There are 2 protein chains.
Amino acid sequence: MQRVAFTNDVPAALRQALMAGSYSRVAVLVDATTRQLVLPRLADVLAGAAVVVMPAGDTHKTIDTVCDVWRGLQQAGATRSSVLVNVGGGVVTDLGGFAAATYKRGLPFINVPTTLLGAVDAALGGKTGVNFGGLKNQVGAFAEAADVIVSACFFDTLPREQLLAGYAEMVKHALLSSDEALADVLQADVCALPAGDLLALLRQSVEVKRRIVASDPLERGPRKALNLGHTVGHALESLMLERGRPVAHGTAVAWGLVAELVLSHLALQFPSAQLHRLAAFVRERYAAPAIGCDDYAALLESMHRDKKSQAGEINCTLLRACGQPEVDCAVADDDMRTALDIFRDLMGV
Amino acid sequence: MQRVAFTNDVPAALRQALMAGSYSRVAVLVDATTRQLVLPRLADVLAGAAVVVMPAGDTHKTIDTVCDVWRGLQQAGATRSSVLVNVGGGVVTDLGGFAAATYKRGLPFINVPTTLLGAVDAALGGKTGVNFGGLKNQVGAFAEAADVIVSACFFDTLPREQLLAGYAEMVKHALLSSDEALADVLQADVCALPAGDLLALLRQSVEVKRRIVASDPLERGPRKALNLGHTVGHALESLMLERGRPVAHGTAVAWGLVAELVLSHLALQFPSAQLHRLAAFVRERYAAPAIGCDDYAALLESMHRDKKSQAGEINCTLLRACGQPEVDCAVADDDMRTALDIFRDLMGV
């Protein structure tokens, strides 16, 4: 059973997690950014650990980097009774989790998410993996971290765009929860909240995800609710990456949420007032999606290749209302094009 | 729950497995050898399947080859409701199983082992993986094939050395079973048995493994019994590979069984009459292990790096008697050197 600590005293929580596991050796995975900004703050508790450093950024979320981590674990003499501590954002915890899950068929790992997106989404739930063949997270494994230490204390090092990117997943969790939760997240200003208040809001949001994951760890059914915003979001993210203008995952998810709520409104009568409120929130805070009709073919092709899609149909999670998801909705190509038209209109592009 | 069919009518069994899974697409992994010798015999039932071909041999059991399989699955448009059919020996089923288990975080796969070693060992039990950094099976996952089709009908294409290599695992299963089972396998001539008789013997042997795996799928305890012969066997296999004189896995296991029964005799009073009977069997049928005292350092280092070893101690499964394994025995370096001396003596090298 996965242990999750919510605390802004990360060194103490990490010390406790390491003691609880009685690991024979400790290895740490950081990227160039967290090595500089976060590792020094954990120096005491990680003294003596072997440090593996990967380059920062989604373009390095590849099987080649996984090979580097495996080599680092070999050089550190890691065995199945060792542990890998992943200190970083979603790229580090996704990639490090996959490297650990497959090293000697499974090394325990501890996630210390250092970004809001990592804390609210990537570090929990057991989805690990890397990009492959131009597609996001095409290769991976279901493997839960032994411990996750959720904190808001490293967010002071994050640029505004990254905070907002993480916040998009909190908006998603609110949509999957209730009208009240949605109102709460749409009115808070994530960039101005003190770490204590943000940790409290974060905890509520993480609990929504934990509840859903616990009901369906291998994503056979109910867990697919968490894909809300991600079919369109991933396609937009892949497109922007191919165009050489990568956007944060969370930005793409924020766009994807608007587009899929358009679909939800058309197919399941999701209330239009809430759709417009969300669209206004996303338009004001996030970058504008630079796409036109000429991009639809590439976007639809990408959605068809998505892990969730089957037998020629685009698969989305849609909402009847806040807290009422419908998973495995098949979306016809024409309906998707219509939704993308309305989405661009709502986003003012 | 994994379905295992024991039959020499493979096309019929494969057809049934594919129908039972209602897969949206079928991809097949073969190596250069099974493409030529086996695939034509399954042409009818696999008509329309996308074929991915890998080079034959353990030197290609690498993450690069896994990347080729992932690419092949992408090109075939495989989704989570597709299936990968692995047709080949242990390299193909280990590697194909790992590629499937990690593609989109888990594609179902069917194993059609075409070698005796594959049928008796690799294709069942959920251990998948590839070699990495010069060590065997350092990277992998626990993932069970949806179906395994065990047959003896392809063995007519196997050279004698490969048949014997597979037979070493049957000897191991007999050692883990009973005195009677050991007597049966030591007196049968695997190279002369008709396919029907061999299938019956194979079924008994596979059932020993299934019983042990079912009691402990993730290898926390009792399953480690199946590691009998493998701590020393893997080290010998790695050494011969490094020396550019690779031997069949089963040959290395046959040697490993003798060496670990020497240890079993020294530490747990395993009966010396049976040790000598086994040693004579291995000496007569298998290649001689070309190692000397100068190789002990490299062998011990390799055993210390073994997945099973922890915190500076070599870990072996030993036997008190046939059917009475003791897992997680720590072996001191000096005792291992003594056992290797006696082993070389018994093998006449």
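Keep in mind that this is a model prediction, so the values were computed, not measured.

S.K.: Looking at this structure, I do not really get the overall build of chain A. What am I missing?
M.R.: The helix and strand inventory of chain A stands at 13 helices and 10 strands. Taken over C-alpha atoms, the radius of gyration comes to 20 Å for chain A, in line with the 20 Å a tight globule of 349 residues would show. Judged by the C-alpha coordinates and their principal axes, chain A covers about 55 × 40 × 35 Å. Out of the 349 residues belonging to chain A, those deemed buried represent 53%. Nonlocal contacts in chain A, meaning residues at least 24 apart in sequence, comprise 74% of its contacts between residues at least 6 apart.

S.K.: Sorry if this is basic, but what is going on with the domain arrangement of chain A here?
M.R.: How big an interface is tends to be stated in terms of the accessible area lost upon association of its parts. Residues and elements named next belong to chain A. According to the domain assignment, chain A contains domain 1 (3-157) and domain 2 (160-347). Across the boundary between the two partners, domain 1 contributes 22 residues, which contact 27 residues of domain 2. When the residues that make up the side of domain 1 that touches domain 2 are grouped by side-chain class, the tally is 12 nonpolar, 7 polar and 3 charged.

S.K.: Could you clarify how one ought to interpret helix α7 (residues 179-187) of chain A in this entry?
M.R.: All names here are of chain A. Among the residues making up α7, those that are buried are Ala 181, Leu 182 and Val 185. In a view along the axis of α7, the buried residues occupy a sector of 100°, so they form one face of it. Opposite the packed face of α7, turned more than 90 degrees from it, sit the exposed residues Glu 180 and Gln 187. Residues of α7 that are buried sit in contact with α6 (160-175) and α11 (272-285).

S.K.: How should I be thinking about the interface of chain B and chain A in this particular structure?
M.R.: At the interface, 27 residues of chain B touch 27 residues of chain A. Those elements that place two or more of their residues in the side of chain B that touches chain A are α3 (63-75), β6 (127-132) and β7 (135-142) of chain B. Residues of the side of chain B that touches chain A, tallied by class, amount to 9 nonpolar, 12 polar and 6 charged.

S.K.: Could you clarify how one ought to interpret the environment of A:Gly97 in this entry?
M.R.: Residue and element names in this part refer to chain A. Mapping Gly 97 onto the fold places it in helix α4 (residues 90-102). Accessibility expressed as a C-beta count within 10 Å gives 27 for Gly 97, which makes it buried. Put simply, Gly 97 and Thr 128 are 31 residues apart on the chain and 5.4 Å apart in space, counted from C-alpha to C-alpha. In this structure, Gly 97 is in contact with Asn 86, Phe 109, Thr 128, Ala 143 and Ala 145, ignoring residues within four places of it in sequence.

S.K.: Even after reading the chapter, I still don't get the nonpolar core, so can you show me in this structure?
M.R.: In summary, soluble globular proteins display a tendency toward joint burial of nonpolar side chains. By size, the foremost hydrophobic cluster in this structure holds 225 residues, and its most contacted members are A:Val28, A:Leu257, A:Val258, B:Val28, B:Leu257 and B:Val258. Not counting chain neighbours up to four residues away, the residues in contact with A:Leu257 comprise A:Ala168, A:Val171, A:Lys172, A:Leu175, A:Leu228, A:Gly229 and A:Leu278.

S.K.: Explanation requested: the sheet that holds strand β2 (residues 26-31) of chain B in the structure shown.
M.R.: What links the strands of a sheet is backbone hydrogen bonding, and the strands pair in either a parallel or an antiparallel sense. Residue and element names in this part refer to chain B. Reading across the sheet, the 6 strands line up as β1-β8-β5-β4-β2-β3 and stay open at both edges, with parallel pairing between neighbours. Looking at the sheet topology across the chains shown, the edges are occupied by β1 (3-6) and β3 (50-54). Along the sheet, successive strands turn relative to each other by an average axial angle of 15°, direction set aside. Bridge count between β2 and strand β4 (residues 83-88): 5 bridges; the pairing is parallel. Following the sheet pairing, Val 28 is matched in β4 by Val 85. Contacts from helix α1 (residues 10-21) reach β1, β2, β4, β5 (109-113) and β8 (147-150), with the element oriented near 175° to β8.

S.K.: How should the sheet that holds strand β8 (residues 147-150) of chain A be read in this particular structure?
M.R.: All names here are of chain A. Taken in spatial order, the 6 strands make up an open sheet running β1-β8-β5-β4-β2-β3, and their pairing is parallel. Each edge of the open sheet carries a strand with a single partner, namely β1 (3-6) and β3 (50-54). Ignoring strand direction, the axes of neighbouring strands in this sheet form an average angle of 15°. Relative to β8, strand β5 (residues 109-113) runs parallel, the two sharing 2 bridges. In the sheet register, Asn 111 faces β8, and the bridge partner there is Val 148. Each of β2 (26-31), β3 and β4 (83-88) is contacted by helix α3 (residues 63-75), which is oriented at about 170° to β3, the strand it contacts most.

S.K.: Help me out: how do you make sense of the pairing of β3(A) in this one?
M.R.: Every other side chain in a regular strand lies on the same face of the sheet, so the side chains alternate between the two faces. Residue and element names in this part refer to chain A. Sheet topology note: the β2/β3 ladder contains 5 bridges and is parallel. If you follow Ala 27 over to β3, its bridge partner there is Ala 50. The parallel pair β2 and β3, bridged by helix α2 (residues 32-37), forms a crossover whose chirality is right-handed.

S.K.: Even after reading the chapter, I still don't get the packing of helix α6 (residues 160-175) of chain B against helix α7 (residues 179-187) of chain B, so can you show me in this structure?
M.R.: Helix-helix packing: each pair is described by the crossing angle between the helix axes and the interaxial distance. Residues and elements named next belong to chain B. Between α6 and α7, the least distance of the axes is 7 Å, while the angle of their chain directions is 160°. With respect to α7, the element α6 is oriented roughly antiparallel. With respect to the hand of their crossing, α6 and α7 are arranged in left-handed fashion. From α6, Met 170, Val 171, Ala 174 and Leu 175 reach across to α7, where they touch Ala 181, Leu 182, Asp 184 and Val 185. Taken together, the residues of the contact of α6 with α7 sort by class into 7 nonpolar, no polar and 1 charged.

S.K.: Which parts of the structure should I look at to understand the relation of the copies chain B and chain A?
M.R.: With an RMSD of 0.0 Å, the fit of chain B onto chain A corresponds to turning through 180° and sliding 0.1 Å along the axis. Here the copies are linked by what is in effect a two-fold axis.

S.K.: Explanation requested: unusual backbone geometry in the structure shown.
M.R.: The phi angle of most residues is negative, glycine excepted, and most peptide bonds adopt the trans form. Positive phi, close to 50°, is recorded for A:Asn137, a residue that is not glycine. The topology assignment puts A:Asn137 in strand β7 (residues 135-142). The phi dihedral of B:Lys104 is positive, around 50°, even though this residue is not glycine. You can see B:Lys104 is positioned in the loop between α4 (90-102) and β5.

S.K.: Mind showing me how you'd approach the environment of A:Leu239 here?
M.R.: Residue and element names in this part refer to chain A. In this fold, Leu 239 is placed in helix α9 (residues 230-242). Through-space distance from the C-alpha of Leu 239 to that of Glu 180 is 34 Å; in sequence the pair is 59 residues apart. Setting aside residues up to four positions removed in sequence, Leu 239 forms contacts with Asp 295, Ala 298, Leu 299 and Ser 302.

S.K.: Is there a simple way to explain the packing of α6(A) against helix α10 (residues 249-268) of chain A in this structure?
M.R.: Residue and element names in this part refer to chain A. Packing of α6 against α10 brings their axes to within 6 Å, and their N-to-C directions diverge by 35°. Between α6 and α10 the crossing geometry is left-handed. On the side of α6, the interface is formed by Leu 164, Ala 165, Gly 166, Tyr 167, Ala 168, Glu 169, Val 171, Lys 172 and Leu 175, while α10 contributes His 249, Gly 250, Thr 251, Val 253, Ala 254 and Leu 257. Classifying every residue of the contact of α6 with α10 gives 9 nonpolar, 4 polar and 2 charged.

S.K.: Please clarify how the environment of A:Asn8 should be interpreted in this entry.
M.R.: Turning to its location among the elements, A:Asn8 is positioned in the loop between β1 and α1 (10-21). Ignoring sequence-local partners within four residues, the contact set of A:Asn8 consists of A:Ser151, A:Ala152, A:Cys153, A:Ala195 and A:Leu199.

S.K.: Even after reading the chapter, I still don't get the confidence of the model for chain A, so can you show me in this structure?
M.R.: Low-pLDDT portions of the prediction should not be read for the details of their coordinates. Summarising the model, chain A shows a mean pLDDT of 94, and 99% of its residues fall at 70 or more. Across the whole predicted complex the pTM is 0.87, and at the interface the ipTM reaches 0.85.

S.K.: Is there a simple way to think about the pairing of strand β9 (residues 314-321) of chain B in this case?
M.R.: All names here are of chain B. Here β9 lies mainly inside the structure; 6 of its 8 residues are buried. Where β9 lies against strand β10 (residues 324-331), 6 bridges are found, and the strand directions are antiparallel. Bridge pairing in β10 links Ile 314 to Val 331. As consecutive antiparallel partners, β9 and β10 are separated by 2 residues, and within that stretch Gly 323 has a phi angle of approximately 80°, a positive value.

So, how was this worked out
Residues numbered from 1 in each chain as written. Chains lettered and ligands numbered in written order. Predicted model: local features only at pLDDT ≥ 70, side-chain atom pairs only at ≥ 80, totals over all residues. Helix = DSSP H or I, 4+ residues; strand = E, 2+ residues; numbered from the N terminus. Rg over C-alpha atoms; globule rule 2.2 N^0.38 Å. Buried ≥ 20, exposed ≤ 12 C-beta atoms within 10 Å, placed from the backbone. Contact = placed C-beta atoms within 7 Å. Domains from an automatic or database assignment. Nonpolar A, V, L, I, M, F, W, Y, C, P; charged D, E, K, R; others polar. Arc of directions from axis to C-beta. Core = buried A, V, L, I, M, F, W, Y, C linked by C-beta atoms within 7 Å. Pairing = 2+ DSSP bridges. Axes fitted to C-alpha atoms, helices over the stretch in contact; angles between N-to-C directions. Right-handed = clockwise from strand over helix to strand, strands pointing away. Parallel < 35°, antiparallel > 145°, perpendicular 65-115°, else oblique. Left-handed = near helix turned anticlockwise from the far one by under 90°. Least-squares fit on C-alpha atoms with pLDDT ≥ 70 in both. pLDDT = per-residue confidence, 0-100.

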